[in-house]
Amino acid sequence: MLSFVVPAFVAAFAGLLLTGAIKDLVSYTIPNWISLAIIGLFPVAALAAGLPLATIGLHAGVGAAVLVAGMAMFALRWIGGGDAKMFAAAALWMGWPAAMDFVLWTALTGGMLAMVLMSLRTAAFRPMVMIGPRWLVKLSEPGGAAPYGVAIAAGALVALPQSALMHGVGL
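Parameters at a glance
- Throughout, a residue's number is its position along its own chain's written sequence, starting from 1.
- Selection of residues for local features in this predicted model requires a pLDDT of at least 70, selection of side-chain atom pairs for listing and counting requires 80 or more, and totals for whole chains, interfaces and linings are taken over all residues.
- To obtain the side-chain values, all non-hydrogen atoms of the structure were included, while hydrogens and water were left out.
- A run of H or I in DSSP counts as a helix once it spans at least four residues, and a run of E counts as a strand once it spans at least two, with each numbered from the N terminus.
- The reference for a compact globule is 2.2 Å times residues^0.38; the radius of gyration itself is calculated from the C-alpha atoms.
- What makes two residues a contact is simply this: any of their non-hydrogen atoms within 4.5 Å.
- What sets the accessible areas is the Shrake-Rupley method with a 1.4 Å probe; for residues, cover comes only from the shown protein chains.
- We score Asp and Glu as negative and Lys and Arg as positive, and we do not count His or the chain ends.
- Lys charges are placed at NZ, Arg charges at CZ, Asp charges at CG and Glu charges at CD.
- Throughout this description, the term nonpolar core refers to a set of buried Ala, Val, Leu, Ile, Met, Phe, Trp, Tyr and Cys residues connected via side-chain atoms within 4.5 Å.
- When a residue's accessible area, from a 1.4 Å probe over protein chains only, is under 20% of the maximum for its type it is buried; when over 50% it is exposed; and in between it is partly exposed.
- Think of each axis as a best-fit line through the C-alpha atoms, taken over the contacting stretch in the case of a helix, with angles from 0 to 180 degrees between the N-to-C directions.
- Oblique is the label for any angle not under 35 degrees, not over 145, and not in the 65 to 115 range, which are roughly parallel, roughly antiparallel and roughly perpendicular in turn.
- Crossing chirality is assigned from the near helix's rotation relative to the far helix, an anticlockwise turn below a right angle marking it left-handed and a clockwise turn marking it right-handed.
- Residues were grouped as follows: Ala, Val, Leu, Ile, Met, Phe, Trp, Tyr, Cys and Pro as nonpolar; Asp, Glu, Lys and Arg as charged; and all remaining residues, including Gly, as polar.
- What makes a patch is a set of residues exposed beyond 30% relative accessible area and free of salt bridges, joined within 9 Å when like-charged and within 5 Å when nonpolar (Val, Leu, Ile, Met, Phe, Trp, Tyr).
- Salt bridge, as used here, is a side-chain nitrogen of Lys or Arg placed within 4 Å of a carboxyl oxygen of Asp or Glu.
- Here is the rule: rings of Phe, Tyr and Trp (six-membered ring for Trp) pair when centre to centre is within 6.5 Å. Planes less than 30 degrees apart are stacked, more than 60 are edge-to-face, and the remainder are tilted.

Secondary structure summary: the protein contains 9 helices and 0 strands in total. Of the regular secondary structure in the protein, the N- to C-terminal order runs α-α-α-α-α-α-α-α-α. Compactness check: the protein gives a C-alpha radius of gyration of 17 Å against a globular reference of 16 Å for 171 residues, within 12% of the reference. Structurally, the protein occupies a C-alpha span of about 55 × 30 × 25 Å along its principal axes. If you take every contact in the protein between residues at least 6 apart in sequence, the share linking residues at least 24 apart comes to 72%. Split by element, the accessible area of the protein, about 8,600 Å² in all, is 76% carbon and sulfur. When the 7 positive and 4 negative side-chain charges of the protein are each reduced to one mean point, those points stand 11 Å apart.

Laid out in structure tokens, this is it:
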């Protein structure tokens, strides 16, 4: 077991989530390399943490189930394609039952994000936002999309301590 290196993998996971959230916030895109890097880091971190193969398989099953759910949400135009991929990649790190906390916290932070966006898009705030950076102006456009990668990253970071990966190394 190489549990002493697991915090570095967790930090990389957190950094990738934050990078995806920031990219989504300023450009409404989450590059594929972010989700692929999150996925690629997981098996190495899980093996370093000494997780049993059955637990790693359960994490993979959770990630696959969330990918299917994300694809359905994308098909319904509730979230973007990058959001669906990052949602599934983050769920891989959660496993079961931490995925339930992840989904709950993602939904809660998504609701808070929606309230902030609705406020930015009102007649009261929009004139003030118009003098800000281009990405903020775009974010404040009435009827615009929501950068849900922000909620996904927040939900994952809050739920991560509940994952088997974190419990496996006593973090």
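Let us look at the nonpolar core. The biggest cluster of nonpolar side chains holds 39 residues, and the ones touching the most others in it are F13, I38, W93, M94 and F102. Going through the elements one at a time, α1 (6–27), α2 (32–48), α3 (53–75), α4 (81–94), α5 (98–120), α8 (149–159) and α9 (164–168) are the ones with two or more residues in this core. Ignoring sequence-local partners within four residues, the contact set of F13 consists of I38, L41, A90, W93, M94, A156 and L160. Ranked by size, the runner-up nonpolar core spans 5 residues in total, among them L113, L117, L120 and V129.

Interhelical geometry of α3 versus α4 gives an angle of 160° and a closest axis separation of 7 Å. Taken together, the axis directions place α3 and α4 in an arrangement best described as roughly antiparallel. The crossing of α3 and α4 is right-handed. Of α4, the residues touching α3 (which contributes H59, A60, V62, G63, V66, L67, G70, M71, M73 and F74) are G81, A84, F87, A88, A91, L92, W93 and M94. In terms of residue class, the contact of α3 with α4 is made up of 14 nonpolar, 4 polar and no charged.

Turning our eyes to something else, we now look at a nonpolar patch on the surface. Together, L104, W105, L108, M112, M115 and V158 make up an exposed nonpolar region whose accessible area comes to about 560 Å². For the nonpolar patch, the element with the most residues is α5, which contributes 5 residues. By secondary structure assignment, the location of L108 is in helix α5.

Let's shift gears to the packing of aromatic side chains. On inspection of all chains with the given rule, the structure shows 3 aromatic pairs. Centre to centre, the rings of F42 and W93 are 5.7 Å apart; their planes meet at 70°, and the pair counts as edge-to-face. Residue F42 is found in helix α2, and its partner W93 is found in helix α4; the two are separated by 51 residues along the sequence. We note that F42, like W93, is buried. Their ring planes at 45° and their centres at 5.2 Å tell us that F87 and F102 sit as a pair that is tilted. Of this pair, F87 sits in helix α4 while F102 sits in helix α5; the two residues are 15 residues apart in sequence, bridging distant segments of the chain. By the burial criterion, F87 is buried, and F102 matches it. An aromatic cluster of three or more residues is present, and its members are F13, F42 and W93.

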